[in-house]
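What follows is each chain in one-letter form.
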Amino acid sequence: MKNSIKNIFTLLAVLTFSLSFAQKIEGVVKTNENIPLEAVNVVVKGTTSNTTTDANGKFTIDTREKLPLTLLVQYVGYKTAQLEINDLPPAPLQVTLSEENELVEVVVSSRRRIEKVQDVPIAISVITGKQAEQTGAFNVNRIKELVPSVQLYSSNPRNTGINIRSLGSPFGLTNDGIDPGVGFYVDGVYYARPAATTLDFIDVEQIEVLRGPQGSLFGKNTTSGAFNITTRKPSFTSRADFEVSYGNYAFLQAKASVTGALGKKVAGRISFSGTQRDGLIDNVATGRATNSLNNQGIRGQLLWTPSVNTNVILAADITTQRPDGYAQVVAGVAPTKRAAYRQFDAIIKDLNYQLPSLNAFDRKIDHDTPWRSNQDMGGISLNIDTKIGTGTLTSTTAWRFWNWDPSNDRDFTGLQVLAKSQNPTRQTQITQEVRYAGQLTSKISGVVGVFFIDQTSQTDGTEESGNAQWRFAQSSTSALWKTPGLFEGYGIKTDANIRASSAATFGQLDWAITERFHVLPGLRYNFDKKDARYSRTTYGGLQTTNAALIALKKSVYSDQAFNSSTDNTDFSGNLTVTYKASDKINAYGTYAKSYKPVGVNVAGLPTNAAGDPLTDLAVIKPEKVNHYEVGVKTSPFKNSIFNLAFFNTEIKDFQTNVQAAELGVNRGYLANADKVRVRGAELDASFVVNPNLTINAAATYTEGTYVKFTNAPLPLEETGTTVDGVQVAYKDVSGTDLPGVSRWAGSLGGELSDEAKFFGNRGRIFVAVDSYARSEFSSSPSASRYLVVPGYAIFNARLGFRAADGLSVHFWGRNLLNKDYYEQLLPAGGNAGQYAGVIGDQRTYGITLKYSL
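Here the structure is a predicted model, which is why all the values come from computation and not from measurement.

Moving on, we get to the overall build of the protein. When helices and strands are counted, the protein shows 6 helices and 53 strands. Relative to the 2.2 N^0.38 estimate, which gives 29 Å for 853 residues, the radius of gyration of the protein is 28 Å and therefore close to what a compact globule would have. Judged by the C-alpha coordinates and their principal axes, the protein covers about 95 × 55 × 45 Å. Residue burial in the protein is summarised as follows: out of 853 residues, 58% are buried.

So this is what it looks like as structure tokens:
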């Protein structure tokens, strides 16, 4: 990877010197005391064109917008200036900002127009690209430490679930047959696979996290929220940024971005990100550390401005991940209700085996099956924005792919129970969105659009038994289980395919009944169709005609095949009312009727007594969501924001993941819980105490409950439960907690800074501390006292100097107190009693150097 980084940096350095042919508006921003202001946000009103000032307060912005135009000049703690530009100024503009009671007027585009985040009647958190870089939040898993309403659980990239307010994805192993409840958009392109959230961000401008159902503003319907990520766009003004970070465990991260004009109407941008790190868990069997990082990504964009009213952006990206990792460590053993000889401790005693450590935080494994989590993701998109009348017509066309090439040790031991467990997958998608957003009348604005997605996922998997399988699968005291070679090399080949298509029309209006009172109705019509094919074929093992031996083999793996096809239509919508009591208080209330599309099982089904698949479980009913929310966004005093939101979400036919006891059901299967409810409250606050000190805080209280779920899987410790001699398969868990729900979660951070010079550069010296905490949560679809993740808190800090141009440097540390904590607990395949943990990183530290010109 180091050679790749060197080659890409050389290419970017050459492109740095591209010429700029565009006419520009230049200016200088200062305070009333004639002090230049750095990092001031300058926006062309009504567009996405923006720039920031340098250390001397200077800015340059493209003027390809049709004159006259309005510039918004925004800065923390100062009143926003609006400058009407009728003609190109002959000299740089002189802009003076006065102090203002508002904190920072962050602008967002979630409602398809640029507006202040405090004016948007949606619970939304905004992380700027600079903030993400400074805090080391280079992927979504790090973003959750800044936005506590976000949860991400990942035992490997494929088995990744991202939730907002504890809803979105079923907890546990991923099934490709359902849609995520949290949308993930990059520059308007919908990413269908949750694995995208494990990859590094590339040249991000801003991350908007919207909470609650989002069906009338975005192309893809989402029931829990959305990530709306925008990357930095090509500019006709030449600029280059280079960044490199070094840390313990051989951490190396390099980033670069170069932009500039390629002609009078064409500009380009190319960006690169690469991350590598040694492993954090020792594999005593191989003698090397595992769970390493090895990510590389590159993104290129071309901007064409054929007229002052039209922008065309062609973008392409590819990201690769080649870690030796995502291994899990045995965290404990739960006694089950099975016979004594079927308990984990008895099994490994008979096999003369012992775990390398009984303490998961010794970070030692002895896995004999290699861990491989290779993935490639990329695509190409074409985005066209053209002004028509008082609005903008946008077309976004995209093709994307995801290749997944794994190898797992799902028994989590050094025994050859499962010699192979791998389900490589290739997913492709085509999306098309067309929407119009703008002012429709003097009192009504809105957005209306159509959306289409067609995606195909193909899995060709292998699961194979090793020489210890007989003892883990043993379900009687018959000596036949010890037959030499009976299960060794015995496995299944899987062919699973799903094609999912969805089409929708959507729209939302903003009706200004008065200047302060607005009503916002939204409506969506959706059609979804899914076709699935599943087939698995057994192979290997002892070749025999003995009926008793064949029966034992079939109790572990059996042939299975089924097809399913389903479609569904749905009307959904929302109604929001908002009242701006004053410039400092904005209140809103929302009701939303949403839904998650019908699902299909494509990973094997449980079987009946005759060994036939229970095909009535192949299709999963759609979720029906009723959501209520009230909130208030305030600026209670100078340089502050204090926002509160209260929500209640009820879901009928909640799609949940069930871990099957049968080994042949490779990834668990999906089922519907009758009804669940999640309710809670959120707080977001920011304060600029003085020009040198800022404080940020966020907190959430959440209650998540199965209102009714009578056919839930048994908790791990109740595996093998019998009633009157008949084994029980399900349990009524109505009234118990949903998995993944912490009652409390929060983040608190602050920064102390002052003006300074470093190697002749003017900037700010700073020290910052961030913290994140959450209370305990269940890590099992049915609450198990062994699969409860204890609450934890981590602290991060950084110290350094930053400048808009020239050299910036800072030292950083993560998990400074070296807290041992789990991110997830999960049972081993077959439910013998052992369970493993996804362990949070121990203390890491390093230095980051950045140079901008």
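Within the secondary structure, Val556 is located in helix α6 (residues 547–556). Classification of Val556 by relative accessible area gives buried; the value is 6%. Along the primary structure Val556 and Gly212 are separated by 344 residues, whereas in three dimensions their C-alpha atoms are 43 Å apart.

Another point: the packing of aromatic side chains. Counted according to the given criterion, the structure contains 22 aromatic pairs. Centre to centre, the rings of Phe184 and Tyr191 are 5.8 Å apart; their planes meet at 65°, and the pair counts as edge-to-face. Residue Phe184 shares its accessibility class with Tyr191, and that shared class is buried. Taken together, a centroid distance of 4.8 Å and an interplanar angle of 50° make the contact between Tyr525 and Phe571 tilted. On the criterion of sequence distance, the pair formed by Tyr525 in strand β32 (residues 517–539) and Phe571 in strand β33 (residues 560–582) is long-range, its members being 46 residues apart. Since its relative accessible area comes to 33%, Tyr525 is described here as partly exposed. When its relative accessible area of 54% is taken as the criterion, Phe571 is described as exposed. By way of ring pairs, the aromatic residues Phe184, Tyr191 and Phe227 are connected into one cluster. Positioned above the aromatic ring of Tyr191 is the side chain of Arg400, whose terminal nitrogen or guanidinium carbon lies 4.0 Å from the ring centre. Just above the ring of Phe766 sits the side chain of Arg802; from NZ or CZ to the centre is 4.7 Å.

What follows is about unusual backbone geometry. Of note in the backbone geometry, Asp187 takes a positive phi value of approximately 50° without being a glycine. Within the secondary structure, Asp187 sits in the loop between β13 (182–186) and β14 (189–190). Here Asp724, not a glycine, exhibits a phi torsion of approximately 55°, which is positive. Accessibility expressed as a relative area gives 78% for Asp724, which makes it exposed.

The subject of this paragraph is the confidence of the model for the protein. Put simply, the protein has an average pLDDT of 87, and 92% of its residues get 70 or more. Taking the mean pLDDT of every element in the protein, the minimum, 49, falls on helix α1 (residues 2–15) and the maximum, 95, on strand β48 (residues 788–789). Scored below 50 in pLDDT, residues 10–22 makes 35 contacts in the model with residues more than four places away or belonging to other chains. Predicted confidence for residues 100–104 stays below pLDDT 50, and this span has 25 contacts to residues more than four positions away or in other chains.

All right, on to the nonpolar core then. Among the nonpolar cores identified, the biggest contains 35 residues, and Phe412, Leu415, Phe472, Tyr822, Leu825 and Tyr835 are the most heavily contacted of them. Listed by contribution, the elements that provide at least two residues to this core are β24 (329–333), α4 (344–350), β51 (822–827) and β52 (834–839). Considering each element in turn, this core owes the most residues, 4 residues, to β52.

The subject of this paragraph is the pairing of strand β27 (residues 391–407). Where strand β26 (residues 372–388) lies against β27, 17 bridges are found, and the strand directions are antiparallel. Residue pairing in the sheet places Arg372 in a bridge with Ser407 of β27. Hairpin remark: β26 followed by β27, antiparallel, with 2 residues in the connecting loop; positive phi at Gly389, about 65°. Direction of pairing for β27 relative to strand β29 (residues 425–439): antiparallel, over a ladder of 14 bridges. Along β29, the bridge assignment pairs Phe401 with Thr428.

Right, let's get into the sheet that holds strand β15 (residues 204–211). Adjacent strands of a sheet form backbone hydrogen bonds with each other and so pair up, either parallel or antiparallel. Pairing is mixed in the open sheet, where 5 strands are placed in the order β10-β15-β16-β13-β14. Strand pairing shows two members of the sheet lacking a second neighbour, β10 (124–128) and β14, which therefore form its edges. Pairing geometry for β15 and strand β16 (residues 225–231), over 7 bridges, is antiparallel. What sits directly across from Gln206, in β16, is Thr230.

Now for the pairing of β32. Across 20 bridges, the pairing between strand β31 (residues 491–512) and β32 is antiparallel. For Ala504, the partnering residue across the bridge sits in β32 and is Asn526. Of the strand pairs in this sheet, β32 and β33 are connected by 20 bridges, and their pairing is antiparallel. For Arg533, the partnering residue across the bridge sits in β33 and is Asn563.

Glancing now at the side chain of Ser271. Looking at where Ser271 falls in the secondary structure, it is placed in strand β19 (residues 266–277). Owing to a relative accessible area of 2%, Ser271 belongs among the buried residues under this scheme. A distance of 2.6 Å separates polar atoms of two side chains, one belonging to Ser271 and the other to Asp203.

With that settled, the discussion passes to the pattern of salt bridges. For the structure shown, the criterion picks out 39 salt bridges. With a closest N to O distance of 3.9 Å, Glu623 and Lys596 form a salt bridge. Placement of Glu623 in strand β37 (residues 623–634) and of Lys596 in strand β34 (residues 585–596) is noted, with a sequence separation of 27 residues between them. Under the relative-accessibility criterion, Lys596 is labelled buried at 3%.

Relative to the helices and strands, Thr96 is located in strand β7 (residues 93–97). The residues touching Thr96, leaving out its near neighbours within four places in the chain, are Lys30, Thr31 and Asn32.

Take the sheet that holds β52 next. The 3 strands lie next to each other as β24-β52-β51, forming an open sheet whose pairing is antiparallel. The sheet is open, and its two edges are formed by β24 and β51, each paired on a single side. Each strand axis lies, on average, 35° off the axis of its neighbour in the sheet, ignoring direction.

For the rest of this paragraph, the subject is a nonpolar patch on the surface. On the surface, a cluster of nonpolar side chains totalling about 660 Å² of accessible area is made up of Leu262, Leu302, Leu314, Ile380, Leu382, Ile384, Trp399 and Ile430. Broken down by element, the nonpolar patch gets its largest block of residues, 3 residues, from β26. Within the secondary structure, Leu314 sits in strand β23 (residues 310–321). By relative accessible area, which is 38% here, Leu314 ends up partly exposed.

We now examine α6. All buried positions along α6 are accounted for by Leu549, Leu552, Lys553 and Val556. Buried residues along α6 cover an arc of 95° about the axis, so they all sit on one side. In α6, the exposed residues that point more than 90 degrees away from the buried face are Ala547 and Lys554. On the buried face of α6, the contacting elements are β30 (444–465) and α5 (469–473). If you check the start of α6, you find a side-chain oxygen 2.8 Å away from the backbone N of Ala548, and it comes from Asn546.

For the rest of this paragraph, the subject is the side chain of Thr223. With respect to the helices, strands and loops of the structure, Thr223 is situated in the loop between β15 and β16. When sequence neighbours within four positions are dropped, the list of residues in contact with Thr223 reads Gly181, Gly212, Pro213, Ser594, Tyr595, Lys596, Glu623 and Val625.

Attention now moves to the environment of Asn574. Along the polypeptide, Asn574 turns up in strand β33. A residue is classified by how much of its surface remains accessible, and Asn574, at 17% relative accessible area, is buried. Between the C-alpha atoms of Asn574 and His627, which are 53 residues apart in sequence, the distance is 9.0 Å. Discounting chain neighbours no more than four positions away, the residues touching Asn574 are Ser216, Gln508, Leu520, Pro521, Gly522, Tyr591 and Ala592. At 3.3 Å, the side chain of Asn574 and the side chain of Gln508 are in polar contact.

Reading the values: rules and limits
Residues numbered from 1 in each chain as written. Predicted model: local features only at pLDDT ≥ 70, side-chain atom pairs only at ≥ 80, totals over all residues. Heavy atoms only, no water. Helix = DSSP H or I, 4+ residues; strand = E, 2+ residues; numbered from the N terminus. Rg over C-alpha atoms; globule rule 2.2 N^0.38 Å. Buried < 20%, exposed > 50% of the residue type's maximum accessible area, 1.4 Å probe, protein only. Phe/Tyr/Trp six-rings, centres within 6.5 Å; stacked < 30°, edge-to-face > 60°. Lys NZ or Arg CZ within 6 Å of the ring centre and 35° of its normal. pLDDT = per-residue confidence, 0-100. Contact = heavy atoms within 4.5 Å. Core = buried A, V, L, I, M, F, W, Y, C linked by side-chain atoms within 4.5 Å. Pairing = 2+ DSSP bridges. Polar contact = N/O pair within 3.5 Å; in protein donor to acceptor, adjacent residues only side chain to side chain. Salt bridge = Lys/Arg side-chain N within 4 Å of Asp/Glu carboxyl O. Axes fitted to C-alpha atoms, helices over the stretch in contact; angles between N-to-C directions. Patch = residues over 30% accessible without salt bridge, like charges linked within 9 Å, V, L, I, M, F, W, Y side chains within 5 Å. Areas by Shrake-Rupley, 256 points an atom, 1.4 Å probe, with all protein chains shown as cover. Arc of directions from axis to C-beta.

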